[in-house]
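Chains, contacts and geometry: an overview
Residues per chain are reported as follows:
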Number of protein chains: 4
Amino acid sequence: MKSRSMDGNGALEKEIPVTHLLDRYKRTRNRTVSLCAPLRVEDHVVQPAVFVSPPKWHLGHTTWFFEQFILSGIAGYKLFAKDMAFMFNSYYEAVGERVLRSDRGNMSRPALDEVMAYRDHVDRALEKLLEAGSITPAMAGILELGLNHEEQHQELLLTDLKYILGHNPLFPAYGPFQESKVENGISCPVEIERGVYAIGHSGEGYHFDNELGRHLVHLEDLTIGDMLVTNGDYLRFMESGGYSEHDHWHSEGWQWLQENDIKAPLYWHHMKGSWYNYTLQGLAPVDRTLPVCHVSFYEAFAFAEWKGMRLPTEAEWEVAQGRFNWGQRWEWTQSAYLPYPGYRRVPGALGEYNGKFMVNQMVLRGASVATAPGHSRPTYRNFFHPHLRWQYTGIRLARR
Amino acid sequence: MKSRSMDGNGALEKEIPVTHLLDRYKRTRNRTVSLCAPLRVEDHVVQPAVFVSPPKWHLGHTTWFFEQFILSGIAGYKLFAKDMAFMFNSYYEAVGERVLRSDRGNMSRPALDEVMAYRDHVDRALEKLLEAGSITPAMAGILELGLNHEEQHQELLLTDLKYILGHNPLFPAYGPFQESKVENGISCPVEIERGVYAIGHSGEGYHFDNELGRHLVHLEDLTIGDMLVTNGDYLRFMESGGYSEHDHWHSEGWQWLQENDIKAPLYWHHMKGSWYNYTLQGLAPVDRTLPVCHVSFYEAFAFAEWKGMRLPTEAEWEVAQGRFNWGQRWEWTQSAYLPYPGYRRVPGALGEYNGKFMVNQMVLRGASVATAPGHSRPTYRNFFHPHLRWQYTGIRLARR
Amino acid sequence: MKSRSMDGNGALEKEIPVTHLLDRYKRTRNRTVSLCAPLRVEDHVVQPAVFVSPPKWHLGHTTWFFEQFILSGIAGYKLFAKDMAFMFNSYYEAVGERVLRSDRGNMSRPALDEVMAYRDHVDRALEKLLEAGSITPAMAGILELGLNHEEQHQELLLTDLKYILGHNPLFPAYGPFQESKVENGISCPVEIERGVYAIGHSGEGYHFDNELGRHLVHLEDLTIGDMLVTNGDYLRFMESGGYSEHDHWHSEGWQWLQENDIKAPLYWHHMKGSWYNYTLQGLAPVDRTLPVCHVSFYEAFAFAEWKGMRLPTEAEWEVAQGRFNWGQRWEWTQSAYLPYPGYRRVPGALGEYNGKFMVNQMVLRGASVATAPGHSRPTYRNFFHPHLRWQYTGIRLARR
Amino acid sequence: MKSRSMDGNGALEKEIPVTHLLDRYKRTRNRTVSLCAPLRVEDHVVQPAVFVSPPKWHLGHTTWFFEQFILSGIAGYKLFAKDMAFMFNSYYEAVGERVLRSDRGNMSRPALDEVMAYRDHVDRALEKLLEAGSITPAMAGILELGLNHEEQHQELLLTDLKYILGHNPLFPAYGPFQESKVENGISCPVEIERGVYAIGHSGEGYHFDNELGRHLVHLEDLTIGDMLVTNGDYLRFMESGGYSEHDHWHSEGWQWLQENDIKAPLYWHHMKGSWYNYTLQGLAPVDRTLPVCHVSFYEAFAFAEWKGMRLPTEAEWEVAQGRFNWGQRWEWTQSAYLPYPGYRRVPGALGEYNGKFMVNQMVLRGASVATAPGHSRPTYRNFFHPHLRWQYTGIRLARR
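We now turn to the structure provided with this report.

Criteria and cut-off values
Residues numbered from 1 in each chain as written. Chains lettered and ligands numbered in written order. Predicted model: local features only at pLDDT ≥ 70, side-chain atom pairs only at ≥ 80, totals over all residues. Heavy atoms only, no water. Helix = DSSP H or I, 4+ residues; strand = E, 2+ residues; numbered from the N terminus. Rg over C-alpha atoms; globule rule 2.2 N^0.38 Å. Buried < 20%, exposed > 50% of the residue type's maximum accessible area, 1.4 Å probe, protein only. Contact = heavy atoms within 4.5 Å. Areas by Shrake-Rupley, 256 points an atom, 1.4 Å probe, with all protein chains shown as cover. Lys, Arg positive; Asp, Glu negative; His and termini not counted. Charge placed at Lys NZ, Arg CZ, Asp CG, Glu CD. Buried area = accessible area lost by both parts, 1.4 Å probe. Salt bridge = Lys/Arg side-chain N within 4 Å of Asp/Glu carboxyl O. Polar contact = N/O pair within 3.5 Å; in protein donor to acceptor, adjacent residues only side chain to side chain. Arc of directions from axis to C-beta. Pairing = 2+ DSSP bridges. Axes fitted to C-alpha atoms, helices over the stretch in contact; angles between N-to-C directions. Phe/Tyr/Trp six-rings, centres within 6.5 Å; stacked < 30°, edge-to-face > 60°.

For chain A, the count of helices and strands is nine helices and 13 strands. For 400 residues, the compact-globule estimate of 2.2 N^0.38 gives 21 Å, and chain A sits close to it at 21 Å. Along the first, second and third principal axes, the C-alpha set of chain A runs to 65 × 55 × 35 Å. Out of the 400 residues belonging to chain A, those deemed buried represent 63%. Considering only contacts in chain A between residues 6 or more positions apart, those separated by 24 or more positions represent 79%. In the form shown here, chain A has an accessible surface area of approximately 14,800 Å², with 52% of it arising from carbon and sulfur atoms. With 41 positive and 47 negative side-chain charges, chain A shows a separation of 2 Å between the mean positions of the two kinds.

Below you can see the structure in the form of structure tokens.
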């Protein structure tokens, strides 16, 4: 079960300019609210799978982060209500008791309007702090972390609300959100030469602790696709019996298929002889020209096996990424999520992010249509369990 | 898992006067809505346990019953929306596909206002039918069944919303609903003499098929309490180690205790050295003078064993019931829920009620504070699995 | 999960003649061993389902009973080994720690020859006691209970070893044991008149506590079959779609069918276009003329519904049983397993038998081909959970 | 659930000298049998955990491998019995139906003597083939694979029988097998300099496909221990509260602790105030000077975190391994089990080994006291799920 990333976050080692922080704060906070605008009150409450969080929970949890890690230490700050920490703490074991993840969808209270009042309360206090210029560099660092944290939750919020609406038998549309566009590549594979390359983050920009420690890796000759695998490619795999030939699959992938009766990507439905998929605009026929989406690592691997190709490693992807377009789909790699050489997590509650998830998960690289503007970068490491597929995941192939 | 009764219902073998039906229809339908009045929109959506249904679901399902079994056969009636049957059918296997019971809490749509519009649509059509006097006796019979069905759902609605609010860490109050009152008995046991008695329904009044077939039973001499077991009585059982002495318990009851770490009735919390319980008015200290509530059959049995007494059978209860007060608590009996001699269920979808639940459940007799006015009678047979306790269940003892 | 009966047992209220006890002891103990004679060592060890016990366990547990409840109190008796109580106590919570029921099949030690040495040790001590004539009436009572207990385990032993061999893909035969014979009835239903009858045990003979308390019941007019339902009858039910028509089934029975993909009685296999069943003599075509076997209560009920008939209650069966043959199959009744009026269990560890299983189980009446000679009687109450079918269960119908 | 390695195996790309093969065949086959010599028949049958296989199954499965992949293609070879493939195929999906892994412990037949007869039958046929000199190079390659496969099963056989005996409440000893010896190091850490190194297999010797593809890796400066972590070191971790401080653990490791109530390594028991552990020689006090054993990856990681150190990667281990002793314990690394660059699996059923397990498992390096003589090498990659610990697993630390 996925339970982090978005509660994960960054390491901050140097001062961040306070100017523009107020503006950035307002912009980020407003975007979360505006993503919920098309929803009904009822849509904010439910949790149809344990890896999904109700939108109300995202609204509260991102707010709690600022209250817990910044405001609660400010003299004179008055907690909105002491229950909020209990309701909206996610996994920070160091910070105390919390509602079980699997119970989030059972919590009808606090009601949505109370959560919105909580947001207002915290926003007013933080904005006052920023306007007064009384924010310290350490606090600014945490603030920036909180904004990146909120951007991560915006991504989850979108994929969670898609899951909520897309698993409702009425298939209600969310709105005019565009999930996919045709890639205008020329299908010209990118060649990278054998040798030693540096990967990982260095320098000035924002980053999480898991990207830190720029280091050398040795790569073999590489040929990697400049375009994502399309629905048409994937349909050929399905039509050739890809889901019933154990030979393409990991042993655990095959077991996952059988136990969950998987026959197609998530959100695909076979109706009246053809394939439809649910998108945020509603149910529509699958378009063969668009990049495939909502596949698990197991499916991405099996597809690659069937093609006689393979997924790239995260190091290969990072080295090659300047030579192709990316950003529509999180791309599965063949790399497990593990610490970089010299990795050290931040001490204390803020250190409970990335390190403790470094087992049993696979790395995804790139970004997706759900990623907040400005949030992605070439060294960014996303990660999920291999069976999960409610993110905008996709496939890019490398030559074996 | 409990999945009926309230979707269960009655057999109708004779004409029901159409006069007053319109009034009764309006009164019953309005009562359901008024029970929801203290709730927030969010409270209508969640399902914190599989045996609980979201209030929105009760509002829709009771409405669907009238549309499905009366209106859909009327020339000129226009279905409100064809999705409603799928969303609000409960277990009537004969009537087609339906949302899995365990998924009811994942359904944010139709939104509450759509369900209320559905209610209005159906109510207007039915009221028009009644006002026109064009209702047949068969339809009147189904209508009466539908109203009894809705009364059963009112009871479930109250116990479900108590479960929703009572399992929220904020313990929000529902309102001034009074769940318990002190019994003014003189604790004078009722004596019944050995002999043959008749039980079961006969005559004119409304009834369900499971009460039918008045028949003879032979009873031994009986002494039965004229008052319910109180919280004080039950606390003595707890304080004497009742929950840790396997000797009092059924083997399956003991296993249920261990697996669920049960130490007290449902809604009881040990805080700061004393016992509190959640009621619809909020969290409050347990009052020793009130009748105990929210115990399972396993707990009722273990309590009786500890006292050296026993639970009455349903036949004993029915024969003795005229000699004590009842109506606050559904009272567990020592009888399994089984067909009376000569039991036959109604053919067709309307016959999918009672008969198919006659295994693995125990009979409760009486009525509770959640029972709709006029809904109870001495021959009424309620039934639940022995581990369930979210109804207003209580204990009355007989001598062994 | 079934976990008793055979560990259950009787109430003893009066002296039992010591004469013949030695002979009866030897005969009963030897019969258990001889039932195991056709087995390989390996067959004594495994536990392919949680309700099955390894034959080695039956051999040890029946022996432990005599050591624990008789010999351990005798001055000068030396325990064979103190581990045996831990290994072979079954559910007697009052007597201390024990191996979890679900772990019995993981216990390769004590090895079979050690268990047989344990039997010898206990048998020699008990025989010496009996030969010396130094047994008290109380001990004789417990001894008789122990022998009845062992007879119950002989029945379980046979059905457990059938399960072990019958679930092996090689379908090894056990030996020439005959499970079924054609009934030579004339299919002439038995008629019983409405009135008050007495049921339950009284008088001199051996009995368990659950049969005690002979009491009056009032029956309606009854017509009950003089012959058991045959494989041919049951095949017609199957061929007419009985397993795919929800209307015949209890709601929980239907769920049990779906979850376990049940399509026929236990041990039936559809091969090359026809039905075979495994018997202790090996795999053979189903014989339409023999009584059906290995059906659950759910299946017995559904079959009766399909026929427009019903199962008899246990009181009806007991009143009518003198007028038909029985003894091949345990016959499912429509009665739940509940205490008779005035039921009281024996105090102490020996009282942990019947009473604590009186919930969620159905009564079977009669006896089966696996029942020990002389063990059955008209008042005997057997009981199992409604989904279990590895006993030699069958169906007798009554008119609705 | 672990389900391979030992059913996994090697790639063979060149001729193997037929000379000495006969001798090696006999030696390897005999060693498997002699490992079982101290067991009782009963010990060969049981399966106390799903990742354990009964010794009887190992005896049959290793035999089946030679019959299936060599003998069945030989003209004139007569199958011992056609059931054996069904009984002893493990996971080779390409080769047909098989007994579910979780059902292996339910199979009392074929009996042990039949399995031994099967071994004899196959051994005689294979030895005849070898003596006749009629074996082809391709067959010799498969034979060598089969012998390595059997050596892997010898290791599993030992750890499985330890699990069987060590989970028996009687704690029977297996025999004089020595599991641990004190390391005579001087605790002088090994230093490796930053740079590019080659890892993976090349050249003549035997190897599996997952080691192939010698390739370059870039390492940072490394300090790695020359001695394994001892029981004494580990007890200090336990005594300092290591199992109750979430901060040391992966999120999934912490969950595993809670769900399984883990408080110490496998086979450790707290008795009368001190720690004992079960070894193949029986139950004995934990010796602080010996290397710790039977820890999961989660525990190894948490221990390292507590020490402020880390586990080495598999590349680091391989580069450094010439400078310390290894071979008592399989050593957990911080590397996930993933394909080396250019990895390709063998086509067909024999290719169903390693590749399909390359997800969700961690690499172990070295060898253990249970490893067959001559079976280990510096490039060998073993792998298990992070929660498993019934192998002889240990911990070596590197500096963070």
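Let's shift gears to the interface of chain C and chain B. Counting residues at the interface gives 40 residues for chain C and 40 residues for chain B. The junction of chain C with chain B conceals about 3,200 Å² of combined surface from both sides, 51% of it contributed by carbon and sulfur atoms. Applying the counting rule to chain C against chain B returns zero salt bridges. Between the two partners, chain C and chain B, sit ten residue pairs in polar contact (both at pLDDT 80 or more). Of all elements in the fold, only strand S3 (215-219), helix H7 (251-260), helix H8 (297-307) and strand S9 (330-336) of chain C reach the threshold of two or more residues within the side of chain C that touches chain B. The leading source of residues in the side of chain C that touches chain B is S3 of chain C, at four residues.

With that settled, the discussion passes to the arrangement of the chains. One thing to see here is that chain A and chain C don't touch, and their nearest C-alpha atoms sit 13 Å from each other. For the non-touching pair chain B and chain D, the nearest C-alpha separation works out to 13 Å.

Using the criterion set out here, one finds 84 salt bridges over all chains in the structure. Between Glu305 of chain C and Arg400 of chain C there is a salt bridge, and its shortest N-O distance comes to 3.4 Å. Of this pair, Glu305 of chain C sits in helix H8 while Arg400 of chain C sits in the segment after strand S13 (398-399), and the two are 95 residues apart along the sequence. We classify Arg400 of chain C as partly exposed; its relative accessible area is 32%. As a salt-bridge pair, Arg389 of chain D and Glu299 of chain D come within 2.9 Å of each other at their nearest N and O atoms. Residue Arg389 of chain D is located in the loop between strand S11 (382-384) and strand S12 (393-394), and its partner Glu299 of chain D is located in helix H8 (residues 297-307); the two are separated by 90 residues in the primary sequence. A cluster of three or more residues bridged by salt bridges with shared partners is formed by Arg29, Arg119, Asp123 and Glu150 of chain A.

Residues and elements named next belong to chain C. For H7, the set of buried residues is Gly253, Trp254, Trp256 and Leu257. On an axial view of H7, the arc spanned by its buried residues comes to 160 degrees, and they lie on one face. As for H7, its buried residues are in contact with H8. Downstream of H7 by one or two residues, Asp261 has phi in the positive range, about 50 degrees.

Sheet strands pair by backbone hydrogen bonding; their relative direction is either parallel or antiparallel. Residue and element names in this part refer to chain A. Within the open sheet, the three strands sit side by side as S5-S6-S7. Their pairing is antiparallel. The open sheet has two free edges, formed respectively by strand S5 (268-271) and strand S7 (282-285), since each of these has just one partner strand. Taking the axes of each pair of neighbouring strands and ignoring which way they run, one obtains an average angle of 35 degrees across the sheet. Pairing analysis gives four bridges linking S5 to strand S6 (residues 274-279), with the strands arranged antiparallel. Within S6, the position partnered with Trp268 by the bridge is Asn277.

Residue and element names in this part refer to chain C. In this antiparallel pair of consecutive strands, strand S5 (residues 268-271) and strand S6 (residues 274-279), the connection spans two residues, and Lys272 shows a positive phi of 45 degrees. Taken together, the four bridges between S6 and strand S7 (residues 282-285) define a ladder with antiparallel strand orientation. Bridge assignment links Tyr278 to a residue of S7, and that residue is Leu283. Hairpin connection of S6 to S7: two residues between the antiparallel strands.

Attention now moves to the packing of aromatic side chains. This model, assessed by the stated rule, comprises 132 aromatic pairs over all chains. Here Phe297 of chain A and Trp332 of chain A contribute two aromatic rings whose centre-to-centre distance is 5.8 Å and whose plane-to-plane angle is 65 degrees, an arrangement assigned as edge-to-face. Of this pair, Phe297 of chain A sits in helix H8 (residues 297-307) while Trp332 of chain A sits in strand S9 (residues 330-336), placing them 35 residues apart in sequence. Each of the two residues, Phe297 of chain A as well as Trp332 of chain A, counts as buried. Between Trp64 of chain C and Phe69 of chain C the ring centres are 5.8 Å apart and the planes differ by 70 degrees, which places this aromatic pair in the edge-to-face class.

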